[in-house]
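Report on the structure
Below, each chain spelled out in residue letters.
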Amino acid sequence: MIGLKENSQKTDRKGTGIMKENRYELNKQLAQMLKGGVIMDVTTPEQAKIAEEAGACAVMALERIPADIRAAGGVSRMSDPKMIRGIQEAVSIPVMAKCRIGHFVEAQILEAIEIDYIDESEVLSPADDIYHINKKEFKVPFVCGARDLGEALRRIAEGASMIRTKGEPGTGDVVQAVRHMRAMNAEIRRIQNLRADELFEAAKQLQVPVDLVEYVHENGKLPVVNFAAGGVATPADAALMMQLGAEGVFVGSGIFKSGNPAKRAASIVKAVTNYTDAKLIAELSTDLGEAMVGINEQEIELLMAERGK
Amino acid sequence: MTIAILAMQGAFLEHGQMLDRLGVEHFEIRKKEDLDRSFDGLILPGGESTVMRKLLIELDIYDILKEKIEDGLPVFGTCAGLILLADQVEDGVQCFGTMNILAKRNAYGRQLGSFYTEDEMKGLGKIPMTFIRAPYIADVYGNAETLAVVDGKVVAARQENQLATAFHPELNDDTSVHEYFVQMIKESKTQ
């Protein structure tokens, strides 16, 4: 389909003979199964269970949620494998975990403990200020953040099988996620309307391989699933991102920094399924208790979305 | 003919695309009011069965669909959809429980255990099969019938109006399983 077949490998699966198996396809397909769902940040097995019972389609295991990382400052790294294993044992849904941008050894560790998805994430302190991980070297899938089409396609060229907006994590302020989703979709529409002979120049400007630009031109979407992330705190925020074209939503600090996490989580899940039903979302937004306080983007000193371009 | 596709969560769009290729009309079920439309068949897609089960119940869709399936509505479940139909679920909770199969959830392990293969399905010959964190059928009993076996594990079964596959026919180009389901609907109408 597109020039990403380098990932395909021949695998001899349990003596059934040699067959062609394309890990990259299988990894993109797992993301397809997550669509229309909510992926929640959790820091303990108990929180993971609350998330699963509330209807999360996957959980992101991390030591501290972004709001606390932001508050604590200092270097933020991959979580302790023991903590991740505890969460893997607690739930039956897919478990994701974050590694630092460019830290391929943290990614190797996460693959070794059979994580379902690795988030090479700007929420943690970057380990490399130039290079991202060569994600094609891995069998487990990667999701990466992006602020615009160029970043998204560069991550896909490196082997990411799922994209999310960066947003601004740990703020409870959705403005950046909205900006990133709109920017990405505006550029996709622009690429769609170009003449075929203009795609080479577009690829040059976006600093991405031309075959990926051709894919966007023909299909009007990214070649992988695209979720919203960063600052989603309410059912209305989640529905807003879905109406803007997200295929699902990550909710980080918004749930476990709020007054009633279980109820808020369940409401966000329903708002994502019925994201155009204002009457239902009105009901879902009622009596949710206190939302996370949040910080406005102008008040932030550290812009995590600026990490890794 | 119109087929309803359960759209609580997961890969429901892909089923719609397969039906488009077969020229079959379809629509999505996201809330109770969507059930007011009439439909001749139902697809339960892949995704997370825990999420779908919860939303089915909380959005008041569960009872109506269960009754329709018990009354003979042709239904086709893939992966999570198979779990929703299963009478018994190992490491999980029963949902509709209308099909005489024992489903084992996450039977091949985590994402590293996901795989693609090509194998025989009864009446269809060799077809592509994509397994994503898939279940398999650990037991088939009563009037349920095995349709496909991969590596000694049952991965597709049928019981009268119900069809279930552990793999995802909607993720490959081959439309034969969807054609098989459309045929099931046609047969149910002539009965």
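Residues numbered from 1 in each chain as written. Chains lettered and ligands numbered in written order. Predicted model: local features only at pLDDT ≥ 70, side-chain atom pairs only at ≥ 80, totals over all residues. Heavy atoms only, no water.

Confidence along chain B averages 97 in pLDDT terms, with 100% of residues attaining 70 or more. Reported for the predicted complex are a pTM of 0.92 and an ipTM of 0.95. (pLDDT = per-residue confidence, 0-100.)

All names here are of chain B. Across all of its chains, the model carries 10 aromatic pairs over all chains by this definition. Seen from their ring centres, Phe76 and Phe181 are 5.4 Å apart, and the 45° between their planes marks the pair as tilted. Separated by 105 residues along the polypeptide, Phe76 in strand S4 (residues 75–78) and Phe181 in helix H5 (residues 176–190) bring together distant segments of the chain. In this structure, Phe76 and Phe181 share a single accessibility class: buried. By the ring-pair criterion, three or more aromatic residues cluster together here, those being Tyr108, Phe115, Phe131, Tyr136 and Phe167. (Phe/Tyr/Trp six-rings, centres within 6.5 Å; stacked < 30°, edge-to-face > 60°. Helix = DSSP H or I, 4+ residues; strand = E, 2+ residues; numbered from the N terminus. Buried < 20%, exposed > 50% of the residue type's maximum accessible area, 1.4 Å probe, protein only.)

The next subject is the packing of helix H8 (residues 199–206) of chain A against helix H9 (residues 210–219) of chain A. Residue and element names in this part refer to chain A. Where H8 meets H9, the closest approach of the two axes is 9 Å, and the angle between their N-to-C directions is 115°. Crossing handedness for the pair H8 and H9: right-handed. In contact with Leu199, Phe200, Ala202, Ala203 and Leu206 of H8, H9 contributes Val210, Val213, Glu214 and His217. Looking at the contact of H8 with H9 residue by residue, the class counts come to seven nonpolar, one polar and one charged. (Axes fitted to C-alpha atoms, helices over the stretch in contact; angles between N-to-C directions. Left-handed = near helix turned anticlockwise from the far one by under 90°. Contact = heavy atoms within 4.5 Å. Nonpolar A, V, L, I, M, F, W, Y, C, P; charged D, E, K, R; others polar.)

Glancing now at the pairing of strand S6 (residues 99–104) of chain B. Residue and element names in this part refer to chain B. The element S6 is extensively covered by neighbouring structure, given that six of its six residues are classed as buried. By the alternation rule, side chains of S6 split into Met99, Ile101 and Ala103 and Asn100, Leu102 and Lys104, which are all buried. Bridge count for strand S5 (residues 86–90) against S6 is four bridges, and the pairing is parallel. Paired with Gln88 across the two strands is Leu102, which belongs to S6. (Pairing = 2+ DSSP bridges.)

Bringing the environment of Glu48 of chain B into the picture now. Examined against the element boundaries, Glu48 of chain B turns out to sit in the loop between strand S3 (41–44) and helix H2 (49–58). By relative accessible area, which is 9% here, Glu48 of chain B ends up buried. Through-space distance from the C-alpha of Glu48 of chain B to that of Glu67 of chain B is 22 Å; in sequence the pair is 19 residues apart. When sequence neighbours within four positions are dropped, the list of residues in contact with Glu48 of chain B reads Met33, Cys57, Ile93 and Pro94 of chain A together with Gln9, Ala80 and Arg105 of chain B.

This paragraph deals with the sheet that holds strand S3 (residues 38–42) of chain A. All names here are of chain A. The strand order S9-S8-S7-S6-S5-S4-S3-S10 describes an open sheet built from eight strands, whose pairing is parallel. Pairing within the sheet leaves two strands with one partner each, and these edge strands are strand S9 (225–227) and strand S10 (249–251). Neighbouring strand axes in the sheet, compared pairwise and without regard to direction, differ in orientation by 30° on average. Two elements, strand S7 (residues 142–146) and strand S8 (residues 162–165), share four bridges in a ladder whose sense is parallel. Counted as the bridge partner of Cys144 is Ile163 from S8. Across the sheet, helix H4 (residues 81–90) is in contact with S3, strand S4 (58–61) and strand S5 (95–100); its angle to S4 comes to roughly 165°. With respect to the sheet, helix H7 (residues 175–192) is in contact with S7, S8 and S9, its orientation differing from that of S8 by roughly 125°.

Let's shift gears to a nonpolar patch on the surface. Residues and elements named next belong to chain A. There is a patch of nonpolar side chains on the surface, built from Phe104, Val105 and Ile109 and spanning about 240 Å² of accessible area. Tracing the backbone through its elements, the reader meets Ile109 in helix H5 (residues 104–112). With relative accessibility at 33%, the residue Ile109 sits in the partly exposed group. (Patch = residues over 30% accessible without salt bridge, like charges linked within 9 Å, V, L, I, M, F, W, Y side chains within 5 Å. Areas by Shrake-Rupley, 256 points an atom, 1.4 Å probe, with all protein chains shown as cover. Salt bridge = Lys/Arg side-chain N within 4 Å of Asp/Glu carboxyl O.)

A few words on the UniProt feature "domain: PdxS/SNZ N-terminal" (unreviewed entry) in chain A. Taking the UniProt record as the reference, the feature "domain: PdxS/SNZ N-terminal" (unreviewed entry) is found at residues 25–229 of chain A. Annotated as residues 25–229 of chain A, this span is 44% helix and 16% strand, and its ends, taken at the C-alpha atoms, are 23 Å apart. (UniProt positions renumbered as here; feature names shortened; annotations may be inferred.)

Before going further, it helps to spend a moment on the UniProt feature "binding site: D-glyceraldehyde 3-phosphate" (unreviewed entry) in chain A. All names here are of chain A. Look at the UniProt record and you will see "binding site: D-glyceraldehyde 3-phosphate" (unreviewed entry) annotated at Arg182. The topology assignment puts Arg182 in helix H7. Its relative accessible area of 53% is what places Arg182 among the exposed residues.

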